[in-house]
Amino acid sequence: MNTIIDWDTQVFLAINRLHTPFMDHFMDLYSEKWVWIPFYASLFFVICMRIKDWKRILWTAIAIAILITLTDQTCAHLIRPFVERLRPANLENPLHTMVHIVNGERGGRFGFPSCHSANSWGLTIFLMYLLRDRWMNTLMVIWTIIICYSRIYLGVHYPGDLLAATLVALLWATVVYRILRPHVLPVSPRDRWTAVPWTAFFITLIAMMA
């Protein structure tokens, strides 16, 4: 276990040290939830256009809300208080003097697993089950991987926090999808709508770089 923790710390430090003023600004914004509201809206638009059944759309929205609640609460209130692993930037952690932080943000006290990562991967995996669209899957995976990277870059999570969160997300996304599958049946991809979230993603990236 000590060896695994040491590897986790070394990988964290290797990524966290790669800083530039531009990337500090970019990663700080990328990790903000409100920045992605247009992107979330574009995903919901695609779901509506492909399902075209208000009952199934409603059930899908309910399923996503339940899923995010489960991933978030499992990480924040079930696992974190039990494991009590300090965030790398927390002032109680001896490592904090070696951690580069952005805008003074150190996060809360404990960080295992990452709620950001669990929520993002939960949404991604659920949409992969639902939409069955290669290009949508690619977009969601890219979006989520960068979110995970940003959490290490900003000094608030170890890689292990993100890996554990991914497992939590996989578990709950699968459970929620299996239970609610009769109400949220998979839909066949219609590629003309895929351009909408891709466009929203790139516009958001450009706005963050401005």
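Below is a summary of the structure that appears in this document. (Residues numbered from 1 in each chain as written. Predicted model: local features only at pLDDT ≥ 70, side-chain atom pairs only at ≥ 80, totals over all residues. Heavy atoms only, no water.)

1. Let's talk about the nonpolar core
What counts is decided by this rule: Among buried residues, those of type Ala, Val, Leu, Ile, Met, Phe, Trp, Tyr and Cys that are joined through side-chain atoms within 4.5 Å constitute a nonpolar core. Only protein chains enter the accessibility calculation, which uses a 1.4 Å probe. A residue is then buried if its area is under 20% of the maximum for its type, exposed if over 50%, and partly exposed in between. Going along the chain from the N terminus, every DSSP run of H or I of four or more residues is numbered as a helix, and every run of E of two or more is numbered as a strand. The criterion used for residue contact is that any of the two residues' heavy atoms lie within 4.5 Å.
Within the largest apolar cluster, 54 residues are counted, with the highest numbers of intra-cluster contacts made by Y30, W36, F39, F126, L127 and W143. Looking at this core, the element that brings in the most residues is helix 6 (residues 134-153), giving eight residues. Every residue in contact with W36, bar those within four places of it in the chain, is listed here: Y30, W143, F201, T204, L205 and M208. Counting five residues, the second-largest nonpolar core is a separate cluster that includes C75, C115, A118 and A165.

2. Considering the side chain of N16
Formally: Pairs of N or O atoms are called polar contacts if they sit within 3.5 Å, as long as, within protein, a hydrogen donor faces a hydrogen acceptor (for residues adjacent in sequence, only side-chain-to-side-chain pairs).
Checked against the element boundaries, N16 lands in helix 1 (residues 2-16). For N16, a relative accessible area of 0% corresponds to the buried category. A polar contact of 2.8 Å, which involves the side chain of N16, links it to the backbone nitrogen of H100. A polar side-chain atom of N16 sits 3.0 Å from the main-chain carbonyl oxygen of Y153.

3. Regarding the packing of aromatic side chains
So the rule is basically this: For Phe, Tyr and Trp, where Trp contributes only its six-membered ring, two rings pair if their centres lie within 6.5 Å, and the inter-plane angle classes them as stacked under 30 degrees, edge-to-face over 60, or tilted in between. By the criterion adopted, a ring carries a charge over it if an Arg CZ or a Lys NZ lies within 6 Å of its centre and within 35 degrees of its normal.
Applying the stated rule across the entire model yields 18 aromatic pairs. Centroid distance F26 to Y30: 5.8 Å. Interplanar angle 45 degrees. Geometry classified as tilted. Highlighted residues: F26 and Y30, both in helix 2 (residues 21-30), separated by four residues, approximately one helical turn. Like Y30, F26 is buried. Measuring from centroid to centroid gives 6.1 Å for F126 and Y177, while their planes differ by 75 degrees, and the two rings are edge-to-face. Here F126, found in helix 5 (residues 115-131), pairs with Y177, found in helix 7 (residues 159-180); they are 51 residues apart in sequence, far enough to count as distant. Among the aromatic side chains, those forming a connected cluster through ring pairs are F22, F26, Y30, W36, F39, Y40, W143, W198, F201 and F202. The side chain of R85 reaches across the aromatic face of Y158, ending 3.9 Å from its centre.

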